[in-house]
Structure formats: structure tokens, C-alpha cells
Amino acid sequence: MSEDTREKLVEVRDLVQTFNAGKKDEVRAIQDISFDIYRGETLGLVGESGSGKTTTGRSIIRLYDPTSGTVKFEGQDIAKLKNGSKAMHQFRRQMQMIFQDPYASLNPRMKVKDIIAEGLDIHHLVKSEKERDDRVAALLEEVGLNPDHATRYPHEFSGGQRQRIGIARALAVEPEFIIADEPISALDVSIQAQVVNLMKDIQDKNGLTYLFIAHDLSMVKYISDRIAVMHNGRLVELASSDEVYTHPLHPYTQSLLSAIPEPDPDTERRRVLVPYDASQAEGDDKARSMTEVFPGHFIYAATDEVAGYQHAAQAAHAND
Amino acid sequence: MADAKNQSATAMASLPKDAFEPAQVDKTEKERIAAPALTFTQDAMRRLRQNKAAIISFWILVVIAVLAFGSFFWSPADPNHQNLTYSYLPPKWGNLNIPGLNGWNNGVDVYKANGIKDGVYFLLGTDGFGRDMLSRLLAGTRVSLIIAIVATFFDLSIGVVYGIISGWRGGRTDIVMQRVIEIISSVPNLVVVILMLLVFKPGLTSIILAIALSGWVTMARLVRAQTLQLKDQEYVLAARTLGESSVKIALKHLVPNLSSTIIIQTMFTIPSAIFFEAFLSYIGIGIPSPQASLGTLLSDAQQNLQTQPYMLVFPAIVIVLLMLAFNLLGDGLRDAFDPRSSH
Ligand SMILES: Nc1ncnc2c1ncn2[C@@H]1O[C@H](COP(=O)(O)OP(=O)(O)O)[C@@H](O)[C@H]1O
Ligand SMILES: [Mg+2]
């Protein structure tokens, strides 16, 4: 298949993340997920709140040590990087994160220029105070903020502006891969599109790869090349953006799509919510795994369900 | 009514269309912030200045500190110098005839009765050994303030560091460190001091050691609790994804955001340490005589309470002022640095 010729930047295999293992409050946040992210693409990761999206992002960037499974970045197993080692230092430059809460993601006691320059200082990317200021000004400009505001404190900025500061901080170290954990869900709807467009522009300019996490499908479809749907700590469906949107196969994805409001009042009136019964498609004890039921379209299915999904996929495509 | 409507309609109609054009506002101009840049600390200081009780307390403490430490260099008399001819003289402020400060006690002009020379007088009187009470009070206050500094030092050096390490490392380290704190705080301070008397002579050393051993425990607990919250903040996670070292994260991200807690807690540790020393000296296992401390002054005065009440009044006023001022300033700082906490 054509996709296999593209370079895999991130390879997640059988990743499991359990919190408080063995205790009463054990949480299996991620239960055995596998996927690849190709260089230059945007992979959207969607799922309801609590489905394990943030945990997935944080395990990939090694804020958490995975319980089991591997995460490879450029072919290198990141779990093997030792804290404080040179390779780890390098990895910390290559992968960056944009956070969900624009109010909690900037240190209230630091000036904007010191927030943005934090990575520059850690990785010794600038040699003089002047070079540092210039670089910060350029970054502020790149994310559409006024460079004169470099000496201000975060509380003086709006949510959208703060999110831009967070983006500038991530860009400062010139990463290859950025995990954006619901970067727009805390923002006003009017601001959301601005930030998404900014991220798209930056991606085109710098050839970045994104893992874009969101809890609803509408904005993700706009920015993503492929979409992975997550539920209860598992991936249930993974396919190209259009495919997920037009021919969702997994009942959970179908339910998620039916929840998107339509702008047209006539169609909105006719919209029917599809309820999702998890006990049907993932709850029972059958062994399931991600299976390719149509080229490039993966579904979390048991062996006896595959035929049904394949049939549905072919039927859906025949109607095109 | 209808006329007015018509008129305005015709007036509107007669306005040329090109009289208006949309104002062009530069995009960067729209996002410009015009307000002056206030740091968090400046903002807190502004709030603090509005709190009269805290400001008055602050200046009272400054005055007390200047007088007490100034007495290192200049004191009216040697605080330990005895002169039995001057025994039990009440306060006398020169020839000002202020009741209570005119050398009279129990209806007698004590200075005259004892044949004290004209021109010799003691502002706060003398004790049974003829020692100048003002000098003793200054020396005693100095001891209290030294205790305050020592307590602050241990709060900051042990308490803050212990709390940050325990909270930041978490897991097993945290569990062990918290059990240690529980053991320390389950032993009453008084027992610690009494045990130390087995090894050391009573005095400043054993009080300081007791404070070093357990005075920082509350600070460590508060700092740990807040570190646990802060370490999950996204700006700390961001620093980690950038590869910042733990020490740098502690200095750049944790300490500045812990500073309100630290300042406020220090303001509550100090008065309790001062009171601890005064209490130990009062019951006779703190600063030994003949050295002055607020506690020894109070305990000496108590024996003569009925005959020489002036001996009790002044040390009592000083210790009350110290306790009140530190507490009110602490309250003021808390309201200024943590506005949400004020009810
Ligand atoms: N540090 C943690 N300790 C314990 N449980 C956690 C932790 N982080 C997340 N969880 C739990 O893991 C599950 C997945 O959370 P999360 O990844 O944040 O979901 P999402 O980002 O999709 O909303 C939730 O049930 C959450 O309560
Ligand atoms: Mg999340």
C-alpha cells in the first residue's frame, strides 16, 4: 500500500499505561494501543473525556513511564533514554507539547520572554542577551503577537493569546513533532479557528508533524490527515480523515459523529443521535485487535466481527 | 413623535454615503495592552499597603528591631550590672511629673526615700539587684529577635527544602519523609528541650537546637502539599518536556510560586518561636539568669507583682506587641499574596 512508503516518525506498539498499579485506586488509562504517525502528517486523536488521550500524549513524550509496550521516535525506543543523558536532551528538543489549559500552562511568575526563552536557555540555542531577545521577538511575531509585549506577565493576556505564547515556547527549540493536547477546547469558538489556522501555517512552514488531540470530531477533521478514535483507553477506529467522517464503521465513531450539531437548521432538526452500547462492540470477553478492514481503515474487532465490518466498508464505498 | 421620526429619516437620507468609512485599525494595535505592567509581587505589595493593621505592625517591628539591635552598640547601662543602692527603683523620666513614671511607688517617692542623687533616674526602673530594667528589656528583646531569625533560617533552609523534595519526588521517598515528620512532630517540644538539658547547659544553644529539630515541620508540610499541586501544573510539565533539570524547575517554577506560602508561614513560625523561648525562660529551663530574656524578666517580675508592678508591665507590653505585630503582619501578607484565602 502507498502509506507504507512514508517514513514512520512515531511508532506506538502495545502501549499500556496503568496508574497506581496493584492498589485499590488502580486506573487502566491506556489498554494496549498501537499506531504510527508518519512524518509530515497530522494525526487527530479523538475520544470523550477520560478516554485516555492526554495519557497517550504524555506517555509518548515521556512525561510518564509506560507500564508496558514501546514508543519509538525516529526508530529509537524512548523508554531506553536515560534521564540526563545526551540522547534524552536531544529528544527533549525534537518533541514538544502544546497544553490544554492556557491559564495553567504558563508560569504566572515569569515574563513572557522568559517563558518563551526557557527552551533556548536549556539547549543553549542563543549566545547573548540580545540574540535571545531577537529570537523571542521573532517567535512572538511568528505566532501573531506583538513583540513589544515580551516583558509582560501571562495574566495580562487573553486565553487565545496565551495559547499562542505556549505555541511559541514549543517552537523555540525547533521541534520536529508536536503533541497538541486539546489546544483549542478551552478557547472561545471565535478564537478556535484562528489558533488552528496558525498551527496549520506553522506546520506548512516548518514541516512539522502533529498529534492533535481533541474531544470532538468537528475541528479535528479540519486539521487532520488521519483520525484515530479512542474509547475507554483503547483505539477503536483509525482511518483517513474523510473516511472516518463519511464512512465511520465502528459504532462508537458513528455515535460520536451523530453528536456533531449541523449548522443548517433543517438538517439539524433531522439529526438523530446514535446511542452507543459499549457492551456490544468492546465489552464482552472476545479477544479484539486493530484489523484493517479496508485499505488504510483499521477497526478494533474480534475475528468473527471482521467480515461484517469489511462488508459494511465495501457497501459504503459502493454507494459513493 | 411621527414628525421627529420623519425628520431624522430625512436627515439620514441627506447624509452623503461617502461621509463614513470604516476605521482602519492595525491588527497589532488591536491586541496592544495599554495597562502598566505590574508583577505579582507589586500587586501584592499594593494590596498590603491598603491594610493599615499590617503596615502599623510592620513599623512597630522595625522600631523594636532597631532599638533592640541598636542596644548592641548603645545601651543605657550594662544589663547585668548590679548596684544594690539602686534596688527596686520605680520608673522615673527626669523631672517630668507623669503619674506612674515619676519615681513614686505605693505613695512614696522612692528616689527621695532612698536618698538617690538628683539627676540619677531610670526610665523603666530597676530590679532588686539595682539593674537597669530598660537595658535588660532591650537585651531580652534582642534574644527574642535572634530566636526569630534562627527560626526563620531553619524554616527556609530545612522546612522549604524538605517539603519540596518530599513533594517533588513523591512515591516512596515522600512516604518515608512524611513518616519522619510525623515522628518528629509527635514528640512535644518541651520534652525535647528537657532531654537536651541532660547534654547541654540551659541556654540559647538548646533552644536553637530544639527549633532546628522541629520548628520547620509545619513549613515542610505546607510546602510539600503545595508542591504536589504545582508539579502537575502544565507549566511544570512544559518545563520537563523542554528538558529542564529538577533543580532548575524547583528554583524557577516551584519556589516563586511557593513564595506566598513561604512568607506567610514564616510570619506565623516567628511568633511561636519567640513565645517558645519566653515560655522556657519563664519556667526556668531557657535562658539562665543573670542573662535577660523576656521570659526571665517576666518570671522575676512576677515574684514582686504586688509591690513592684512596673517590672511586669513593660516586658509584658513588649511581648504582646511582638506577638500581635507578627500575627497581624502575617495576616496582612496572607491577604495580600493570596487574595482568595481572605474569607
Ligand atoms: N496521574 C494519574 N493518576 C491516576 N489516574 C489518572 C492520572 N492521569 C489520568 N488518570 C485517569 O486516566 C484516565 C484517562 O485520563 P486522560 O488521559 O486524562 O483522559 P482524556 O485526556 O481523554 O480526558 C481517566 O480515568 C483519569 O482519571
Ligand atoms: Mg485530556
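Structural data are supplied above this passage.
So, how was this worked out
Residues numbered from 1 in each chain as written. Chains lettered and ligands numbered in written order. Predicted model: local features only at pLDDT ≥ 70, side-chain atom pairs only at ≥ 80, totals over all residues. Heavy atoms only, no water. Pairing = 2+ DSSP bridges. Helix = DSSP H or I, 4+ residues; strand = E, 2+ residues; numbered from the N terminus. Axes fitted to C-alpha atoms, helices over the stretch in contact; angles between N-to-C directions. Contact = heavy atoms within 4.5 Å. Buried area = accessible area lost by both parts, 1.4 Å probe. Salt bridge = Lys/Arg side-chain N within 4 Å of Asp/Glu carboxyl O. Polar contact = N/O pair within 3.5 Å; in protein donor to acceptor, adjacent residues only side chain to side chain. Nonpolar A, V, L, I, M, F, W, Y, C, P; charged D, E, K, R; others polar.

Peer 1: Where do I start with the sheet that holds strand 12 (residues 297-302) of chain A in this structure?
Peer 2: Neighbouring strands of a sheet are bound in pairs by backbone hydrogen bonds; such pairs are parallel or else antiparallel. All names here are of chain A. With respect to topology, eight strands assemble into an open sheet ordered 6-7-8-3-9-10-12-11, the strand pairing being mixed. Only two strands of the sheet have a single neighbouring strand rather than two, namely strand 6 (95-98) and strand 11 (288-294). Sheet twist, expressed as the average angle between the axes of neighbouring strands with direction ignored, equals 25°. Two strands pair when backbone bridges link them, and strand 3 (residues 42-46) and strand 9 (residues 226-231) are joined in this way by four bridges, in the parallel orientation. Looking at the pairing, Val 46 lines up with Val 229 of strand 9. Sitting on the sheet, helix 2 (residues 86-94) touches strand 6 and strand 7 (177-181), and the angle it makes with strand 6 is about 45°. Where helix 6 (residues 189-206) meets the sheet, it contacts strand 3, strand 6, strand 7 and strand 8 (209-214), and its direction lies at approximately 165° from that of strand 8.

Peer 1: What's the story with the interface of chain A and chain B in this structure? I'm lost.
Peer 2: Interface size, as often reported, equals the accessible area lost upon joining of the parts. Counting residues at the interface gives 33 residues for chain A and 28 residues for chain B. Both faces considered, chain A and chain B share a buried interface measuring about 2800 Å² in area, 51% of it formed by carbon and sulfur atoms. A per-residue breakdown of the area chain A buries against chain B is headed by Leu 63, Arg 109 and Glu 118 of chain A, which together make up 23% of the total. Where chain A meets chain B, there are zero salt bridges. The interface formed by chain A and chain B includes 12 residue pairs in polar contact (both at pLDDT 80 or more). Listing elements by their share of the side of chain A that touches chain B, those giving two or more residues are strand 6, helix 3 (112-122) and helix 5 (159-171) of chain A. Class assignment of the residues belonging to the side of chain A that touches chain B gives a composition of 13 nonpolar, 11 polar and nine charged.

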